[in-house]
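Coordinates in review
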Amino acid sequence: MEKFSTLVGIAAPMPLVNIDTDMIIPKQFLKTVKRTGLGISLFHEMRYDDAGHENPDFVLNQPAWKSAEILIAGDNFGCGSSREHAPWALLDFGIRCVISTSFADIFYNNCFKNGILPVTLPANHVAALMNHAENGANARIAVDLENQTVVSPDGEELSFEIDPFKKRCLLEGLDDIALTLEKEAMITEFESRHRLSMPWL
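First things first, this report covers the structure right here in the doc. Quick caveat: nothing in here was measured; it's all calculated off a predicted structure. Residues take numbers from 1 onward in each chain, read along the sequence in its written order. Local features in a predicted model are, by the rule used here, given only for residues with pLDDT of at least 70; side-chain atom pairs are given and counted only at 80 or more, and totals for whole chains, interfaces and linings are based on all residues. Think of the side-chain values as coming from all heavy atoms in the structure, minus any hydrogens and water.

1. A few points about the packing of aromatic side chains
As a reminder of what qualifies: We call Phe, Tyr and Trp rings a pair once their centres come within 6.5 Å, taking the six-membered ring for Trp, and we label the pair stacked below 30 degrees between planes, edge-to-face above 60, and tilted otherwise. The secondary structure listing takes helices from DSSP runs of H or I that are at least 4 residues long and strands from runs of E that are at least 2 residues long, numbered from the N terminus. Relative accessibility decides the category of a residue: with a 1.4 Å probe and only protein chains considered, values under 20% of the type maximum give buried, values over 50% give exposed, and everything between is partly exposed.
This structure, assessed with the given rule, holds 6 aromatic pairs. A centroid spacing of 5.4 Å and a plane angle of 70° characterise the contact between F77 and F107, whose relative ring orientation is edge-to-face. Residue F77 is found in the loop between β2 (70-73) and α3 (85-93), and its partner F107 is found in helix α4 (residues 105-112); the two are separated by 30 residues along the sequence. By the burial criterion, F77 is buried, and F107 matches it.

Have a look at this one:
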């Protein structure tokens, strides 16, 4: 998993509330178990028309936000089913950070397992960042995980809280497999002792 330390990038405004995982990546794209290739289908129903052409009104189709790495979202982002394909699609598109007032718990935890930083801020701070994000590429937002700050384009520094364990995992690029492999020596020792003590298994 790619490490996350600091990010300075374009933020796309998505003020809709209750953006669920089916809106993020619709069910017809869940057949794959690969983490790549889903970015093109991110927000499919809002992003494309019935003929498969890009909807010019959708924020991520507009030139100012096509290369956005940050989403400023409405309340309860990532609600709905627990599909891990949702953070996969965001990451494959290039989104490394989502800022909102609240997240669905399962989506929130899945973000950390896939190298995405979900930042929770008070409503007034999210509203201010949303206003900045509407300026497109002219307004870049800085996210510093080590210092737990978001810096707006006008220099205002906003602090956020994060679980220390989740913070460490992102900073060091540790997913569940990497965390397990940190204990590889202990696992190997246990397996050796287990085989000696129970050779009939």
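2. What about the environment of L145?
For the record, the criterion: In this analysis, two residues are considered to be in contact whenever any of their non-hydrogen atoms come within 4.5 Å of each other.
As for its placement among the helices and strands, L145 is situated in the loop between β5 (140-144) and β6 (149-151). The exposure class assigned to L145 is buried, which follows from its relative accessible area of 0%. Taking C-alpha positions, L145 is 8.5 Å from L7, a pair spaced 138 residues apart along the chain. Non-local contacts of L145, meaning those with residues more than four positions away in its chain, are made with F4, S5, L117, F160, I162, K167, L170 and L171.

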